Amino acid sequence: LSHSSTSYIMPTVRPVRAGAYCPVVTFFDQNEDLDLEAFKKHCVWVADGGMDIVIAGTNGEAAHLTHPERMALVQAARSALDVSHPDTVIITGASTASTRETIQFCNEAAKAGADAVIALLSTPFAAALVNNKAALKQHFTDVAKASPIPVMIYNYPVAAAGIDLDSTTILELAQSCPNICGAKLTCANMGKLHRISTITSQPAFMAQYPRSSGKDVPFWIGSGYSDFLYPSILGRATGCITGLGNVAPTVIAELYKQSVAAVAASEKSLTSKTQELQDIVAAADGALAATGIGGTKYMLSKLRGYGGIPRKPLPAFDPAGGAAL
């Protein structure tokens, strides 16, 4: 970063590429202050496993983080990854209740070294917006036009008070906003994913509606879960963003790689090896998701020697359930 009073040098921005992304958890010490050393160690380990990074998303307890804390996490991750994984893509959360503050997050994220942001419209006024397609489109349009880095739509009705963007709305935004780089569908709607990816994966779409980061950069479309990663790749998804990557990044990256290879070999064939790996990941993803962030941190404590606790009011994981997990 340049601290000159007359100029600002934007950090290198990596295009959001197809692949598996891990929404990394945020680590705190016993005083609930950021544990940046554990965070940097974890980001490097996830990248070692072959995954790109999402910071300060739902899994990263974004709602519990201040503006400076979110930016400190991005800066810490970028500085650590630049040493051993300079090509690793960093997406960071920009979800909040207003368009104005979302744009503020976008600008801060760009200065901190993020390559893109992911934005969920998290608002107490959802009742006034849930059926107002024009207002929802305007929010994402304004954010995409104002953001200095690409914006990924985050569709997660549970965390957005029921706001659930349909496939038509997302496709219209993809066509009208070149700075929208993709969409994460944590609604887990395979039909919606397929409807979008069937169109956005076509060469004609990419040629007519190129992304702001390059004409050959795909529109990223994937689920927030890995329990159906292989079927979603069969449905032309470009990847996934999965919390299971926090404890098994190598497995998720391998499943993604095998899924892409299997589909490339023959769209009509199913390989037993890939199916077996998908079965394992589906079971693990379901088990970990049921325990929440506390369970993820508990598993990291067992597997990696660091983890800690969430910030209250999220409860810590009950060790009594550790054996089953």
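Residues numbered from 1 in each chain as written. Predicted model: local features only at pLDDT ≥ 70, side-chain atom pairs only at ≥ 80, totals over all residues. Heavy atoms only, no water.

Peer 1: Even after reading the chapter, I still don't get the pairing of strand 4 (residues 116-119), so can you show me in this structure?
Peer 2: Looking along a regular strand, one sees the side chains alternate between the two faces of the sheet. Here strand 4 shows two buried faces, one formed by A116 and I118 and the other by V117 and A119. Taking the sense of rotation as the criterion, the β-α-β connection linking strand 3 (residues 90-93), helix 3 (residues 99-112) and strand 4 turns out right-handed. Bridging between strand 4 and strand 5 (residues 151-155) involves three bridges; their strand directions are parallel. Bridge pairing in strand 5 links A119 to I153. (Buried < 20%, exposed > 50% of the residue type's maximum accessible area, 1.4 Å probe, protein only. Helix = DSSP H or I, 4+ residues; strand = E, 2+ residues; numbered from the N terminus. Right-handed = clockwise from strand over helix to strand, strands pointing away. Pairing = 2+ DSSP bridges.)

Peer 1: What exactly am I supposed to notice about the UniProt feature "active site" (unreviewed entry) in the protein chain here?
Peer 2: The feature "active site" (unreviewed entry), as annotated in UniProt, sits at Y154 and K184 in this numbering. Spanning 31 residues, the named residues nonetheless gather at one spot, since no C-alpha pair among them exceeds 5.0 Å. The exposure class assigned to Y154 is buried, which follows from its relative accessible area of 6%. Excluding anything up to four places from it in sequence, Y154 contacts T58, S95, I118, A119, L120, K184 and T186. Tracing the chain through its elements places K184 in strand 6 (residues 180-185). Other than its neighbours up to four places away in sequence, K184 contacts I118, M152, I153, Y154, N155, W220, G222, S223, G224 and I241. (UniProt positions renumbered as here; feature names shortened; annotations may be inferred. Contact = heavy atoms within 4.5 Å.)

Peer 1: For this particular structure, what's the right way to read the UniProt feature "binding site: pyruvate" (unreviewed entry) in the protein chain?
Peer 2: With numbering matched to this structure, UniProt assigns "binding site: pyruvate" (unreviewed entry) to I241. Filtering out sequence-adjacent residues up to four positions away, I241 remains in contact with Y21, P23, V54, I118, M152, K184, W220, S223, G224 and Y225.

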